Structures are given as C-alpha cells and as structure tokens.
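Summary of the model geometry
Residue-level listing of the chains:
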Amino acid sequence: MAHRSVSRAAACLALLLGSAFFMSPGLAAEVATVAVEAPAESPPALMLAKHWHAGLDPRDFLVSEKLDGVRAHWDGQVLRFRSGRIIAAPDWFKAGLPATPLDGELWLGRGQFDRLSGIVRRHTAVDAEWRELRYMIFDLPGAAGTFAERTEQAARLLAAPGVPRWLQPLAQRQVADHATLQRQLRQLVSAGGEGLMLHRADAVWSAGRSDNLRKLKPLPDEEARVLAHLPGKGRHTGRMGALLLEMPGGQRFALGTGFTDAQRESPPALGAVVTYRYRERTPAGLPRFASFLRVRQPE
C-alpha cells in the first residue's frame, strides 16, 4: 500500500512537470491511470465574477456583501459544490429547499470560513453543526428576467409560508456613486467582511465568467496550482521558502510571503490549488506583492 501511495504521488508530479520528469514503464502506466480519472459529477452552470474597475458606473449595479462562505448550487433536487460534487447535507436541510434552482453560499458568519468548510465537507453531516448554517441566496440560475427582477422573485419565493429561517435572500442595494461604494467597502471590511459583489441590474442570467458580475475587495485574489516547494534561506533554511505556482494561463511565479511557520514546515501539497492576494499586475501579467491566503479545499 505504501508503494502504491508513493507511485501515485510520483505520477501526479510527472503530470505537473511533463516530459522533463523521467518515468519508468510502470510509472508511465500509473500516470495514464491518473490522467484519465475524471470527477464523478459535472460542475453546475454558474455565473462567475470578474474584478471591479474604476471605469464602471456603480449606478448600473446592485451591490451585496461578498460572503466568506462555500458556494452551493441547488438544481431543485440535488445540492452541489461548485465542482459538481454532491454536498452531504442532512435530509431535513434539503427537504426545506424549493423545487426552484438556487445559487448561493452556505455561511456561518464573518471570519468562520475554516469551520464552515469542515462542516459542509464531511461525508456524514452532523445535524447540530448544520443547524448553525444559513443558505444565502443571491440568484435564481436559469430564470428569466433581469437580475433586478430575479432578485425580487427570490425575495418573494423565500418569504413564502413554510420557508425555513436558515434559507435567506442576500440583501441587494443600489449605490449612488464611486465615493459611496468605496465608503461601503471600507465600513464592511472594518467590520470583518471580505468585500462587495456587484451584479448589473439589467443583466439576464448567463453561465460562465461574466462582465455583468463583479467583485470588489481591498486586494484582489486569484488561484494557482502548486508545482514545487522551493527551499528556504536564512531563518527558513531546512523548510519551504516559497511555492512555485502556475496560473490558469500557464504563467509561473514564486510565492514566498503570507505563510506561518507551521505552513512552511508542512506546505500545501504538490498539485494543490492555493488562493493568493496581490496589489497589481506586472506588464507581463504576473502578480505584484503577492501573499498566500489559503489552500482551496477539495470538493
């Protein structure tokens, strides 16, 4: 069994490093097995956000808090993660959901992401833990009408008699100008929030990365895959000094800040996807002043 684990780890490394990594015939077969493995479920169709920029007019958008929760898609019968994997929610939780498809976030409150993640990713749900959660709805995927109209429809749907108290619409508000938007962002962040989401009020629903959905945070964040652990120097000698990361477009860079000593002793695994914050991008598209935020948990 130990040999099997080492072999599969080497196979994953070979997939990451490509032809420069020597493979024995047996390992080549292992790589082929890893390469053809596919998720058991297909990802649901979701609308995904782009970053906000100053050239946009906030009066065209409805604004809500960016929750530090776990995205959850309800298709009327099954509750899934963004990846498509089924969420092992209690039967009573699912029984309280309508037949209408919903898009929202499972949420415990500000600053509770790690605990929330542990609760919703258990293979067997713990009722007492799930009773602390809220399912915050911000859209009705596939529904007709503009986002403003879908927001009103969701509010009516979730205000109907018999809807459980933990199923709630996420508040959407209009903002008068850029100054008001920035003031709201500062107030929210000072209260422990992550940032704001802005959804164009007149936009019809569409799946995929959209100009009609924007996120605004003090510092933007992105995700990248871990290719290697780079050795540390100075006080970090003998442990990880930086992660070699690969961005979705194939560009690579070293991320060396934002880690605790414990994370340097036991860094994110090869192949893991990590989230990092940064201030701006170089002309080549690489992040400036990037800092580690968290490991994305498998779904």
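These figures come from a predicted structure and were not determined experimentally.

**Overview of the sheet that holds strand 12 (residues 240-246)**
The strand order 13-12-11-14-17 describes an open sheet built from five strands, whose pairing is antiparallel. Only two strands of the sheet have a single partner each, and these edge strands are strand 13 (252-255) and strand 17 (291-295). Recorded for the sheet is a direction-independent mean angle of 45 degrees between the axes of neighbouring strands. Inspection of the sheet shows strand 12 paired to strand 13 by four bridges, in the antiparallel sense. By the bridge assignment for strand 13, Glu246 is matched with Arg252.

**Structural notes on the pattern of salt bridges**
In total, this model carries 22 salt bridges according to the counting rule given. Two residues, Arg110 and Glu65, come together in a salt bridge whose shortest N-O distance is 3.0 Å. Here the residue Arg110 occupies a position in the loop between strand 5 (102-107) and helix 4 (113-120), and Glu65 occupies one in strand 2 (residues 61-66), the gap between them amounting to 45 residues. A relative accessible area of 35% places Arg110 in the partly exposed class. Of the charged contacts in the structure, one is a salt bridge between Lys94 and Asp91, with a shortest N-O distance of 3.7 Å. Taken together, the positions of Lys94 and Asp91, both in helix 3 (residues 91-95) and three residues apart, correspond to about one turn of that helix. With relative accessibility at 28%, the residue Lys94 sits in the partly exposed group.

What counts and what doesn't
- Residues numbered from 1 in each chain as written.
- Predicted model: local features only at pLDDT ≥ 70, side-chain atom pairs only at ≥ 80, totals over all residues.
- Heavy atoms only, no water.
- Pairing = 2+ DSSP bridges.
- Helix = DSSP H or I, 4+ residues; strand = E, 2+ residues; numbered from the N terminus.
- Axes fitted to C-alpha atoms, helices over the stretch in contact; angles between N-to-C directions.
- Salt bridge = Lys/Arg side-chain N within 4 Å of Asp/Glu carboxyl O.
- Buried < 20%, exposed > 50% of the residue type's maximum accessible area, 1.4 Å probe, protein only.

These values are about where atoms sit, not about what they do.
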